[in-house]
Amino acid sequence: ARNRQNWPSPDAFHYPAAVLKWRDISTGVFKILDKFERGENQNGRGLVLKLEHFSGPIVFVWAPGSLIFALKQDENAKFVQNLGLKTDANGYQYFDFKLC
């Protein structure tokens, strides 16, 4: 018989945290805790970020394509500032951000 002393009880199991869309997180500065490549989908390459807001909550969020590209250019970035939804001169909307 195997020793089951270190195995979890059925009550110890839980669902993982939901992955939010970028538009659903607040503006402000977030620390990048981890990056999870999620392959390709109909919207292009998928990347989930584990972020911690200055006020404390940790969230998992789908990164927009422009942020994925920027993070490939600056692999040492430790923080991202979400500047919210902006509109360019042609009327197209995009999510603006800065890296640090």
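This text goes with the structure placed above it.
Conventions used here
- Starting from 1, residues in each chain are numbered consecutively following that chain's sequence as written.
- Confidence filtering applies because this is a predicted model: local features only for residues at pLDDT of at least 70, side-chain atom pairs given and counted only at 80 or more, and all residues used for totals across whole chains, interfaces and linings.
- Side-chain measures were taken over the full set of non-hydrogen atoms in the model, leaving aside hydrogen atoms and water.
- Labels follow the DSSP assignment, with helices taken as runs of H or I lasting at least four residues and strands as runs of E lasting at least two, numbered in each case from the N terminus.
- Think of it in three bands: residues with accessible area under 20% of the maximum for their type are buried, residues over 50% are exposed, and the middle band is partly exposed, with areas taken using a 1.4 Å probe on protein chains only.
- Think of a polar contact as two N or O atoms within 3.5 Å of one another; within protein, one of them needs to be a possible hydrogen donor and the other a possible acceptor, and neighboring residues in sequence only count if both atoms come from side chains.
- What makes two residues a contact is simply this: any of their non-hydrogen atoms within 4.5 Å.
- Here, a salt bridge means any Lys or Arg side-chain nitrogen found within 4 Å of an Asp or Glu carboxyl oxygen.
- For Phe, Tyr and Trp, where Trp contributes only its six-membered ring, two rings pair if their centres lie within 6.5 Å, and the inter-plane angle classes them as stacked under 30 degrees, edge-to-face over 60, or tilted in between.

A. How the structure looks around the side chain of Asn82. In this structure, Asn82 sits in strand β5 (residues 79–87). Note on Asn82: relative accessible area 3%, which makes it buried. A distance of 3.1 Å separates the side chain of Asn82 from the backbone oxygen of Ser26, its partner in a polar contact. Apart from residues lying up to four places away in sequence, Asn82 is in contact with Trp22, Ile25, Ser26, Thr27, Gly28, Phe30 and Asp96.

B. Looking closely at the pattern of salt bridges. Inspection of the entire model under this criterion finds two salt bridges. The shortest N-O distance in the salt bridge between Lys72 and Glu37 comes to 3.1 Å. Highlighted residues: Lys72 in helix α1 (residues 65–73) and Glu37 in strand β2 (residues 28–41), separated in sequence by 35 residues. You can call Lys72 partly exposed: its relative accessible area is 39%.

C. Inspection of the packing of aromatic side chains at higher detail. Here the structure, examined in full by the defined rule, presents one aromatic pair. Taken together, a centroid distance of 6.2 Å and an interplanar angle of 40° make the contact between Phe36 and Phe60 tilted. With Phe36 in strand β2 and Phe60 in strand β4 (residues 58–62), this residue pair connects regions lying 24 residues apart in the sequence. With a relative accessible area of 33%, Phe36 lands in the partly exposed category. When its relative accessible area of 21% is taken as the criterion, Phe60 is described as partly exposed.

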